[in-house]
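Remarks on the overall topology
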Amino acid sequence: MDGPTARPMESGIVTPEAVVLDLETAGVASRAFAGLIDLLVQFGILLVVGTLLRAVNLLGSSSTMLNAILFALLLMGYPLVLETWMRGRTIGKQALGLRAVTLEGAPIRFRHALLRMMGGLVDRYLPPIGVTGMLFVLGTARHQRVGDLMAGTVVIRDPVRTRLPQAVWFPVPPGLEGL
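Remember, predicted model here, so these are calculated numbers, not experimental data.

Overview of the overall build of the protein chain
Along its length, the protein chain carries six helices and four strands. When the helices and strands of the protein chain are placed in sequence order, the string is β-β-α-α-α-β-α-α-α-β. For the protein chain, the proportion of its 179 residues judged to be buried stands at 30%. Long-range contacts, defined here as pairs at least 24 residues apart, represent 64% of the contacts in the protein chain between residues at least 6 apart. Counting every atom, the protein chain has about 11,700 Å² of accessible surface; 69% of that belongs to carbon and sulfur.

Structure representation (structure tokens):
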């Protein structure tokens, strides 16, 4: 691939059939807004479950421990379960039209979601909060954070899917019905 139209292989998604897909990767702002939506959903789930546990009076003297366990499960389980179940999406990604895919363009699986979640702990929660992930997204050609680099994934904008045009039907010209 020489000449003015050559692209570096690390910037595109190359399928196993050696087809380069021209998909737009998600930048810092769209990923941050999707993460904010996911954080609000997680906080809502934590609030509802905590309220239900208090209402049933299951917390008792171990409320701090159960809240910490619930928080950890939600923090790590939310992206893991949703990205596996929704094929690379969370609620925040779905709201903004984003999806995590492998570098070959295939949907992610459990192992990819697990590695992304583990890298996300470093990206989002290691001090300074969120700066590590932002620097990685800005500094890599495919806009990947630590979790993406570990899992071999990239977050893309879902291509706009337009409706296909309706088929046009033409009647058979008179006298040619037998053909």
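A closer look at the packing of helix α2 (residues 63-85) against helix α4 (residues 110-125)
Contact geometry for α2 and α4: axes closest at 9 Å, N-to-C directions at 140°. Here α2 and α4 pass one another in a crossing that is right-handed. On α4, the residues that touch Leu75, Met76, Pro79, Leu80, Glu83 and Thr84 of α2 are Phe110, Ala113, Leu114, Arg116, Met117, Leu121 and Tyr125. Split by residue class, the contact of α2 with α4 holds ten nonpolar, one polar and two charged.

Quick look at the packing of helix α1 (residues 28-56) against α2
Orientation of α1 relative to α2, taken along the N-to-C sense of each, is 145°, at an axis distance of 11 Å. By crossing handedness, the relation of α1 to α2 is classed as right-handed. Seen from α1, the contacting residues are Asp38, Val41, Gln42, Ile45, Leu46, Val49, Gly50 and Arg54; seen from α2, they are Asn67, Leu70, Phe71, Leu74, Leu75, Tyr78 and Pro79. Of the residues belonging to the contact of α1 with α2, the class tally is ten nonpolar, three polar and two charged.

A closer look at the pairing of strand β4 (residues 153-157)
Burial within β4 is extensive, with four of its five residues counted as buried. In this sheet, β4 lies alongside strand β3 (residues 98-102) in antiparallel orientation, the contact comprising five bridges. Note that in β4 the partner of Leu98 across the bridge is Arg157.

What about α1?
A rise of 1.5 Å per residue sets the reference length of α1, with its 29 residues, at 42 Å; its end C-alpha atoms lie 42 Å apart and thus fit the reference within 8%. Along α1, the positions that sit buried rather than exposed are Ser30, Arg31, Ala34, Asp38, Gln42 and Gly50. Buried residues along α1 sit in contact with α2, α3 (91-96), β3, α5 (131-139), α6 (146-151) and β4.

Observations concerning the layout of surface pockets
Rolled over the atoms, a probe with the dimensions of a water molecule shows which regions are left empty. The space that makes up the largest pocket amounts to roughly 730 Å³. Where the lining of the largest pocket is concerned, the elements lending two or more residues are α1, α2, α4 and α5. Of the residues contributing to the lining of the largest pocket, the split by class is 15 nonpolar, six polar and eight charged.

Overview of the confidence of the model for the protein chain
Scored by pLDDT, the protein chain has a mean of 83; 85% of the residues are at 70 or more. Confidence, read as mean pLDDT per element, is least for strand β1 (residues 13-14) in the protein chain (70) and greatest for α3 (94). Counting interchain partners and residues more than four positions distant, the pLDDT-below-50 stretch residues 1-9 has nine contacts.

Some thoughts on unusual backbone geometry
Cis geometry is found at the peptide bond from Pro127 to Pro128, where omega equals -5°. Even without being a glycine, Arg87 presents a positive backbone phi close to 55°. Here Arg87 shows up in the loop between α2 and α3. With phi around 55°, His143 is a residue other than glycine that occupies positive phi space. Along the chain, His143 turns up in the loop between α5 and α6.

What to know about the environment of Asn67
Of note, Asn67 is situated in helix α2. The exposure class assigned to Asn67 is partly exposed, which follows from its relative accessible area of 28%. Counting along the chain gives 17 residues from Asn67 to Gly50, while the straight-line C-alpha distance between them is 7.3 Å.

The rules we used
Each chain carries its own residue numbering, running from 1 in the direction its sequence is written. This being a predicted model, a pLDDT of at least 70 is required before a residue's local features are given, and a value of 80 or more before pairs of side-chain atoms are given or counted; all residues contribute to the totals for chains, interfaces and linings. Side-chain figures throughout are based on the complete set of non-hydrogen atoms in the structure, without hydrogens or water. The numbering of helices and of strands both runs from the N terminus, where a helix is a DSSP run of H or I of at least 4 residues and a strand a run of E of at least 2. For the exposure calls, accessible area comes from a 1.4 Å probe over protein chains only, and a residue counts as buried if that area is under 20% of its type's maximum, exposed if over 50%, partly exposed in between. Any two residues having at least one pair of non-hydrogen atoms within 4.5 Å are treated as being in contact. To be clear on the numbers: accessible area is Shrake-Rupley with a 1.4 Å probe, and residue cover counts the displayed protein chains and nothing else. In this analysis, axes come from line fits to C-alpha atoms, helices being fitted only over the stretch in contact, and the angle between any two N-to-C directions falls in the range 0 to 180 degrees. With the far helix as reference, a near helix turned anticlockwise by less than a right angle produces a left-handed crossing, and one turned clockwise produces a right-handed crossing. Gly falls in the polar group here, along with every residue not listed as nonpolar (Ala, Val, Leu, Ile, Met, Phe, Trp, Tyr, Cys, Pro) or charged (Asp, Glu, Lys, Arg). A pair of strands counts as paired when DSSP detects no fewer than two bridges linking them. One less than the residue count of a helix, multiplied by 1.5 Å, gives the span that helix is expected to have. Using a 1 Å grid laid over the protein atoms alone, points where a 1.4 Å probe fits but cannot get out form a cavity; open sets with protein on both sides within 12 Å along at least 5 of 7 lines form a pocket; any residue with an atom within 4 Å of a point counts as lining. Grid points are joined across faces, edges and corners, and a volume is the space filled by probe spheres set on the points. Within a predicted model, pLDDT stands for the predictor's per-residue confidence, ranging from 0 to 100.

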